[in-house]
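# Chains, contacts and geometry: an overview
Single-letter residue listing:
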Amino acid sequence: GDLAAPIAVRPTSETIMYPAFADWIRSHRDLPLKLNQWSNVVRWEFKDPTPFLRTREFLWQEGHTAHSSFDDANDTVMQALELYRRVYEELLAIPVIPGTKTEKEKFAGGH
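Below is a short write-up of the structure. Worth saying up front: this structure is predicted, and the values here are computed from it rather than measured. (Residues numbered from 1 in each chain as written. Predicted model: local features only at pLDDT ≥ 70, side-chain atom pairs only at ≥ 80, totals over all residues. Heavy atoms only, no water.)

## Brief notes about helix α2 (residues 70-91)
Each α-helix turn comprises 3.6 residues. Residues three or four places apart therefore point the same way. With 22 residues, α2 should cover 32 Å at 1.5 Å per step; its first-to-last C-alpha distance of 31 Å lies within 8% of that length. A93 occupies a position one or two residues after α2 and carries a positive phi of about 60°. (Helix = DSSP H or I, 4+ residues; strand = E, 2+ residues; numbered from the N terminus. Expected span 1.5 Å × (residues − 1).)

## With respect to the environment of R10
Structurally, R10 is set in the segment before α1 (13-24). Classification of R10 by relative accessible area gives partly exposed; the value is 38%. For the pair R10 and V41, spaced 31 residues apart in sequence, the C-alpha separation works out to 9.5 Å. (Buried < 20%, exposed > 50% of the residue type's maximum accessible area, 1.4 Å probe, protein only.)

## Considering α1
Taking 1.5 Å per residue as the helical rise, α1 with its 12 residues ought to reach 16 Å, and the 16 Å between its terminal C-alpha atoms agrees with that figure. Turning to α1, its buried residues are S13, M17, A20 and F21. Mapping the buried residues of α1 onto a view down its axis gives an arc of 120°, with all of them on the same face. Among the exposed residues of α1, those pointing more than 90 degrees away from its buried face are A22 and D23. Those residues of α1 hidden inside the fold are in contact with β1 (33-42) and β2 (57-66). (Arc of directions from axis to C-beta. Contact = heavy atoms within 4.5 Å.)

## As for unusual backbone geometry
Residue L31 is joined to P32 through a cis peptide bond whose omega torsion reads -5°. Relative to the helices and strands, P32 resides in the loop between α1 and β1. Within the chain, A93 stands out as a residue other than glycine whose phi angle is a positive 60°. Inspection of the secondary structure assignment puts A93 in the segment after α2.

Printed below as a string of structure tokens:
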């Protein structure tokens, strides 16, 4: 049926971002490239919503970066995680328990 308000369905951001990286990065002097993206996301699979934790539509933030070395990329990740921790603990008074993703939770090629 017709929707009350039209929506646009887009591919994942990796599909959009990484071909552009090939245009933006021409040499090692263009590195690191660090982009921050915010998007409204609609979750199509939606079983048993939990109030305040899981909704159908939400604002999604993600970083897209390219680095000259694994160490530089890893340093950037650790800096971002520390910023998130500080916001949660120092501004929102929510304790943070750092963890590591399981292999199943990682994107293909993720570390």
